Structures are given as structure tokens and as C-alpha cells.
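# Structure assessment
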Amino acid sequence: MFIKQIVLSWVFRLGALLLQVLLFLLVSKRLVGDSLTIYLYISALLGYFVLTEFGAGFYLQNQVTTSLLYKKNRMLDYLLTIIRNIMIVNFSIALVLIAYIFFVDYSVFLLGMALLFASSGSSIIYRYLVGAGKAYLIPILSFSSALLSLFLINIHQSNDLSVLLLFLYLPLIILNSCIYLIYIRNNVSPSKKKIRFSRFFTKTKDYFQFMMIGVLVTQLDKYFISLREHDIDFYLLLSRILMFLLSFYLMGIQLIMPRLRELYHLKSVRKGLNYIFLYSGIFAIVTLICMLLFFILDDSLFYNFFPKLTIEYPTLIMFIGYLIVRFLSDGIASYAAVLGHDKHLKRIATYQLLVVVILSVVLVNSLQSFTLILPMFLAILLGIPLLLKRIMVKI
């Protein structure tokens, strides 16, 4: 039964990712001009919304597991109250943005931001499901919402970005809210005691700081690209492609993670590192071949989906280089976390942030958009030997 759940979970997870790629391509194909630029920019900003958990995600997940294991019902009530209030904060921000849209000034960009806040606020529910041993429900929810979005977009042949955004995000928001109301609320009741959230967040502030540094290292380019008035669509498209590819890559890392933990306990750290190098290398080669086919060898496929965009080859080459070092860096960082190097990861990420900020400020006025990838490329490249140095201590 357990093996069956794992297999089904990975099937639905892969299906959900493929559906999200298909949805992205379908929506992009329907949009032109400013609508396409706005959609690409909203999609590129998704990376910032991991911060809407306020660093509480893994703490909640671990505490839920402990509370269920030892039947600490009071702690579960307390944790549910935290989840509920984090959701309320995110939904409140979404409602404020919607009120501004309707009563002050309509903006499709703000509508996209409101939907992102509402959907990401619901993601804290996933932490509860993982902690409660119901992680297999998450890919089923993601797959169902993506399938429903695909159905709505195909039924309603609209080119209006506002309508398409609603079709993309409302199914996910509704399904996650239903899980909270039907499943979680039926199992646990929110605590009626006054909760000191300052005490709670002191336990999660280190993780939140690490998350924020990591997001800035890999997402600060979205701010600098917004300062440009033209030629940003292709760059934003590459940013969204990066997010899809990293999602597939991290799926594989999760699959080999139990083996990496086993090797760590067997004191075979170097063998675990070889696993990371081999997996990252294979994934990078397959990705490189696919991108060459999509962008260069048969660019008719690219122009079929993005007829108004122009392939910028210097930016594409720089992006492929960044992609390769990013795969390797994320794999090594995941392994370093298994080995207990959390403090060192935070310190290395801080160095990387300084490199990104300094170089981005220097290069922001450059005429070429590929120079915005250069600071991230150099920062991530700098981090790889520092990460390896820490891991070698365990060998």
C-alpha cells in the first residue's frame, strides 16, 4: 500500500508539472504585446512567494509530525491557529489588492499579484499534510487544479489576460481552501488561547532569513529587468523556463535523497557526492539537448508559441551556462543540508548575495540583457567550491 502511494504520488507530480508547462505555453500563445509581457513578468515573480510562509514551513511540518506521533492535541490546536493566521494574512493582502483594482484603478498586474498571494497563502496547508503523513495528497491536488485550469481555458477561448489568470489560479485556491475547511478543520480545532506570535517567529527567524537571502540571490534580477523599458520578454521567458526545469530537477533530488541520507550514515559521503555529480551532469546534458532543439535546431517550434519574440542568442548562451551551474549548486546544497551544514549554507548565501547586488548595480545600465544573468552565474559559481569545501570535511 505504501509503495503504491509513492508511485501514484510521483505519477501525479510529474503529470502536474507537465500540465503546468502546457498551460504556460497555451496561455503565452494567446497573448501578444503588453499582455504577454505582464503575464511573463507575473510568472517570473513566482519565486518570491515562497516567503509568504514567513519561514514557518519546515518548523510547522516537523511540529505537526511530532504532535501526531505523541498525541499532543494542544500543540496541534496551536499549530492550526498559526496556519490559519498565515492564510488570513495572505488572503487579506489579496483582498486589499482586489479592492484597489475595483475601487481605485484597474490593473491586470495587481490582479495577478492578488491571485498569487491567495494561492501561495494556501500552500501552508501542504506543510500540514506533509507533517501529518498525507504528502501523497499534494500532487493529486496540484494535478487536479492544473487539469481543471486546462479544461476552463480550452472551453472559454478568451485572449483576455484577466480571464486567463482567473482560470489559472482560482481552481488551485478553491481546492486548497476546501482541504483546509474539510480535512484539517475536521481533525483539529484552532486554539482559543491567546498566542504570542513573536515567540513563535523567534523559532523560525533563522530559516526565514536564509530563505530571504536565497530568494534575493536567485530572484533579484527580476527587479533590475523591470527597470528596462524594452527587450525584456525573452529574458522573462527564460526565467520561467528555469523555474520549470528546476522543479523537474528537484523532483529527481527528492527521489535520491533517501539514498544520500543512507550513504551519510554509512560514512560514504564521497559516494553521495558522486551521485550528485552524475545526476546533475545527466540532467544538464538532457536539458541542453532539449533547449538546442527548441531554440536553435528547429526554431519554428519556438516561434509557433511565441511568434512576436526574438531569440537573443547571447542571453540564451549565458542562460544555459547559468542553468548548468545552478543544477550542480542546488544539488550540492541539498546534500550539504543533509550533512547538517545549515549555518555554512547561510553564510555562503550571504556572500553570494553581496556578489549579485554589487555586480547587478554595476551592470544595470548595460544594453545587453544577458548581463543580468552574469551576477547570478558568478555568485552561484563562487558558491560551488565553498560548498564542496564544507562537504569534504565529512570525508
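What counts and what doesn't
Here the residue numbers are simple positions, counted from 1 along each chain's written sequence. In keeping with the predicted nature of the model, local features appear solely for residues at pLDDT of at least 70, side-chain atom pairs appear and are counted solely at 80 or more, and the whole-chain, interface and lining totals rest on all residues. Neither water nor hydrogens contribute to the side-chain values; these are computed over all heavy atoms in the structure. Segments assigned H or I by DSSP are reported as helices when at least four residues long, segments assigned E as strands when at least two residues long, and all are numbered from the N terminus. Relative accessibility decides the category of a residue: with a 1.4 Å probe and only protein chains considered, values under 20% of the type maximum give buried, values over 50% give exposed, and everything between is partly exposed. Here, residues are in contact when the closest pair of their heavy atoms is within 4.5 Å. In plain words, nonpolar cores are sets of buried Ala, Val, Leu, Ile, Met, Phe, Trp, Tyr and Cys residues tied together by side-chain atoms within 4.5 Å. Only the stretch in contact is used when a helix axis is fitted, and all axes are lines through C-alpha atoms; the angle between N-to-C directions ranges over 0 to 180 degrees. Rotating anticlockwise by less than a right angle from the far helix to the near helix defines a left-handed crossing, while the corresponding clockwise rotation defines a right-handed one. Under the convention adopted here, Pro, Cys and the residues Ala, Val, Leu, Ile, Met, Phe, Trp and Tyr are nonpolar, Asp, Glu, Lys and Arg are charged, and Gly plus all remaining residues are polar. Note that patches include only residues with greater than 30% relative accessible area and no salt bridge, and the join distances are 9 Å for like charges and 5 Å for nonpolar side chains (Val, Leu, Ile, Met, Phe, Trp, Tyr). Each accessible area is a Shrake-Rupley result for a 1.4 Å probe, and residues are judged covered by the shown protein chains and nothing else. Whenever a carboxyl oxygen of Asp or Glu lies within 4 Å of a side-chain nitrogen of Lys or Arg, that contact is scored as a salt bridge. Confidence scores labelled pLDDT are given residue by residue by the predictor and lie between 0 and 100. Cavities and pockets are defined on a 1 Å grid built over the protein atoms alone: a cavity is a set of grid points where a 1.4 Å probe fits but cannot escape, while a pocket is an open set with protein on both sides within 12 Å along at least five of seven lines, and lining residues are those with an atom within 4 Å of any such point. Grid points are joined across faces, edges and corners, and a volume is the space filled by probe spheres set on the points. Between 30 and 60 degrees the pair is tilted, below 30 it is stacked and above 60 it is edge-to-face, where a pair is any two Phe, Tyr or Trp rings, Trp via its six-membered ring, whose centres lie within 6.5 Å. As a reminder, the over-ring test applies to NZ of lysine and CZ of arginine, requiring each to be within 6 Å of the ring centre and within 35 degrees of the ring normal. Polar contacts, as counted here, are pairs of nitrogen or oxygen atoms within 3.5 Å of one another; within protein the pair requires one atom able to donate a hydrogen and one able to accept it, and residues that are adjacent in sequence qualify only if both atoms are side-chain atoms.

### Points about the overall build of the protein
Helix and strand content of the protein: 16 helices and zero strands. Going through the 395 residues of the protein one by one, you find that 50% of them count as buried. In the protein, 81% of the contacts between residues at least 6 apart in sequence involve partners at least 24 apart.

### Focus: the nonpolar core
Looking at soluble globular proteins, one finds that nonpolar side chains tend to be buried together. Counting residues in hydrophobic clusters, the biggest one holds 99 residues, and the most contacted among them are Leu237, Phe295, Phe302, Phe306 and Tyr335. Residues within four places of Phe302 in sequence aside, it is in contact with Phe234, Leu237, Phe294, Phe295, Leu309 and Ile311. If you look at the next biggest cluster of nonpolar residues, it comprises 18 residues, including Ile83, Met87, Tyr126 and Tyr128.

### Let's talk about the packing of helix H2 (residues 33–44) against helix H11 (residues 233–265)
Between H2 and H11, the least distance of the axes is 9 Å, while the angle of their chain directions is 35 degrees. With respect to the hand of their crossing, H2 and H11 are arranged in left-handed fashion. From H2, Gly33, Thr37, Leu40, Tyr41, Ser43 and Ala44 reach across to H11, where they touch Asp233, Leu236, Leu237, Ser239, Arg240 and Met243. Here the residues of the contact of H2 with H11 are counted per class, giving six nonpolar, four polar and two charged.

### Considering a nonpolar patch on the surface
Residues Tyr351, Leu354, Ile358, Val362 and Leu382 make up a contiguous nonpolar surface patch of roughly 490 Å² in combined accessible area. For the nonpolar patch, the element with the highest residue contribution is helix H15 (residues 342–363), accounting for four residues. For Ile358, the position within the fold is in helix H15. The class of Ile358 is exposed, set by a relative accessible area of 52%.

### Digging into the confidence of the model for the protein
Detailed reading of the predicted coordinates is not advisable wherever pLDDT falls low. Per-residue confidence for the protein averages 78 on the pLDDT scale, and 83% of its residues sit at or above 70. Per-element averaging of pLDDT across the protein places helix H3 (residues 57–69) at the bottom with 68 and helix H7 (residues 137–155) at the top with 86.

### So, empty space enclosed by the protein
Evaluated as defined, the whole model comprises one cavity of 30 Å³ or more. Looking at the largest cavity, its volume works out to about 30 Å³. Lining the largest cavity are Ser28, Leu31, Val32, Leu36, Phe305, Phe306, Pro307 and Lys308.

### Points about the packing of aromatic side chains
One pair of aromatic rings is described through two measures. These are the centre distance and the angle between the planes. One pass over the full model with this rule turns up eight aromatic pairs. Measuring from centroid to centroid gives 5.6 Å for Phe24 and Phe244, while their planes differ by 65 degrees, and the two rings are edge-to-face. Residue Phe24 is found in helix H1 (residues 2–30), and its partner Phe244 is found in helix H11; the two are separated by 220 residues along the sequence. Just as Phe24 is buried, Phe244 falls in that class too. The ring of Phe244 carries Arg240 above its face, with NZ or CZ at 4.1 Å from the centroid.

### Here's the deal with the side chain of Ser334
Note on placement: Ser334 falls in helix H14 (residues 313–338). Only 2.8 Å separates the side chain of Ser334 from the backbone oxygen of Asp330, close enough to count as a polar contact. Apart from residues no more than four positions distant in its own chain, Ser334 is found in contact with Ile253 and Met257.

### Focus: the layout of surface pockets
Of the voids in this model, the second largest pocket is the one considered here, and its volume is about 570 Å³. For the second largest pocket, the lining is made up of 18 residues, of which Val21, Ile241, Leu245, Cys290 and Met291 are closest to its centre. Secondary-structure elements contributing two or more residues to the lining of the second largest pocket are H1, H11 and helix H12 (269–297). Sorting elements by how many residues they give to the lining of the second largest pocket places H12 first, with seven residues. Here the residues of the lining of the second largest pocket are counted per class, giving 17 nonpolar, one polar and no charged.

### Here we look at the environment of Phe224
Looking at where Phe224 falls in the secondary structure, it is placed in helix H10 (residues 221–226). We classify Phe224 as buried; its relative accessible area is 9%. For the pair Phe224 and Leu372, spaced 148 residues apart in sequence, the C-alpha separation works out to 7.6 Å.

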